[in-house]
Amino acid sequence: MNATDSNRRLVLARLAKTEPTPFRVAPEAVDLAALQRELDLLGLRKLRFEGQLIPEGRNDWRLEAMLGATAIQPCAITLAPVTTRIDTPVLRRYSADFVAPGDAEAEMPEDDSLEPLPESVDLVELLTEALALALPDFPRAAGAELGEAVFTEPGAKPLTEEGAKPFAGLAALKETLDKE
């Protein structure tokens, strides 16, 4: 039996502990369509996830990979398609000695690549997580601008973004005093 189950899951107990285990995931059209729906994308192409799982010490592992994709998302302002090319490194360190913080309000550790040692690494799940994190949160089409909305009741001076700034009131007061 080999180290992978259907080329998506690396079972750590089956991997060689003396050398890196390379991997490459290039989803087929059906998987791309499912991932596109899951991430609410208009399009997804040229998706690849390749790297290696490297043994560290007796029980720990380090995953080093590159994620590449071309994603098409709706513009946050106009809903026009926005194409983004993603080429980003992915690093995960799996430690047998990992201790999760016990408090509900624990601080984020400095090393966000450190995770508990799993029995296996699901490469498609990791690819999906890395892609979701790499996508722009609010993609914008070229030239798309978010205008300023001004709401007020009839007869009152509208509150603008400029007027809502913390020192805008002081500036108005200074302006009044300077006129006197």
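Higher on the page you've got the structure.
Since we're looking at a predicted model, the values are computed, not measured.

Focus on the overall build of the protein
Right, on to step 1. Per the secondary structure count, the protein includes three helices and eight strands.
Right, on to step 2. Ordered by position from N to C terminus, the α and β elements of the protein give β-β-β-α-β-β-β-β-β-α-α.
Right, on to step 3. Counting every position in the protein, which comprises 180 residues, the buried fraction comes to 29%.
Right, on to step 4. Excluding contacts between residues fewer than 6 apart, the proportion of contacts in the protein whose partners are at least 24 apart in sequence is 59%.

Concerning the pairing of strand β4 (residues 43-56)
Right, on to step 1. In the sheet, strand β3 (residues 21-25) pairs with β4 via five bridges, with the strands oriented antiparallel. Bridged to Thr21 within β4 is Leu53.
Right, on to step 2. Counting the residues between successive antiparallel strands, the hairpin from β4 to strand β5 (residues 60-74) contains three residues, one of them, Gly57, with a positive phi of roughly 70°.

Description of the packing of aromatic side chains
Right, on to step 1. Scanning all chains against the criterion turns up one aromatic pair.
Right, on to step 2. Both rings, one in Phe23 and one in Phe49, keep their centres 5.5 Å apart while their planes meet at 45°; by these two values the pair is tilted. Of the two residues, Phe23 is situated in strand β3 and Phe49 in strand β4; the sequence distance between them amounts to 26 residues.
Right, on to step 3. On the accessibility criterion, Phe23 (8% relative accessible area) is buried.
Right, on to step 4. Given the relative accessible area of 0%, Phe49 is considered buried.

What about the nonpolar core?
Right, on to step 1. Counting residues in each nonpolar core, the largest one holds 29 residues, and the members touching the most others are Leu44, Leu47, Phe49, Leu53, Leu63, Val121 and Leu131.
Right, on to step 2. Secondary structure elements with two or more residues in this core: β3, α1 (29-38), β4, β5, β6 (81-95) and α2 (123-134).
Right, on to step 3. At six residues, the largest contribution of residues to this core is made by β5.
Right, on to step 4. In this structure Leu44 touches Leu32, Leu35, Gln36, Ala69, Thr70, Ala71 and Leu131, once residues within four positions along its chain are discounted.

A word on the sheet that holds β6
Right, on to step 1. Reading across from one edge, β3-β4-β5-β6-β7 is the order of the five strands in this open sheet, with mixed pairing throughout. Looking along the sheet, the strands with just one partner apiece sit at the ends: β3 and β7 (114-116). When strand polarity is set aside, the average angle formed by the axes of neighbouring strands in this sheet is 25°.
Right, on to step 2. Where β6 and β7 come together, three bridges link them in parallel fashion. Across the sheet, residue Arg93 finds its bridge partner in β7, namely Leu114.
Right, on to step 3. Contacts from α2 reach β3, β4, β5 and β6 within the one sheet, and its direction differs from that of β6 by about 125°.

So, the side chain of Thr84
Right, on to step 1. Locating Thr84 in the fold gives a position in strand β6.
Right, on to step 2. On the basis of relative accessible area, Thr84 is assigned to the buried category, the value being 17%.
Right, on to step 3. Contact partners of Thr84, with chain neighbours within four places excluded, come to Ala69, Thr70, Ala71, Gln73 and Pro136.

Cut-off values and rules
Residues numbered from 1 in each chain as written. Predicted model: local features only at pLDDT ≥ 70, side-chain atom pairs only at ≥ 80, totals over all residues. Heavy atoms only, no water. Helix = DSSP H or I, 4+ residues; strand = E, 2+ residues; numbered from the N terminus. Buried < 20%, exposed > 50% of the residue type's maximum accessible area, 1.4 Å probe, protein only. Contact = heavy atoms within 4.5 Å. Pairing = 2+ DSSP bridges. Phe/Tyr/Trp six-rings, centres within 6.5 Å; stacked < 30°, edge-to-face > 60°. Core = buried A, V, L, I, M, F, W, Y, C linked by side-chain atoms within 4.5 Å. Axes fitted to C-alpha atoms, helices over the stretch in contact; angles between N-to-C directions.

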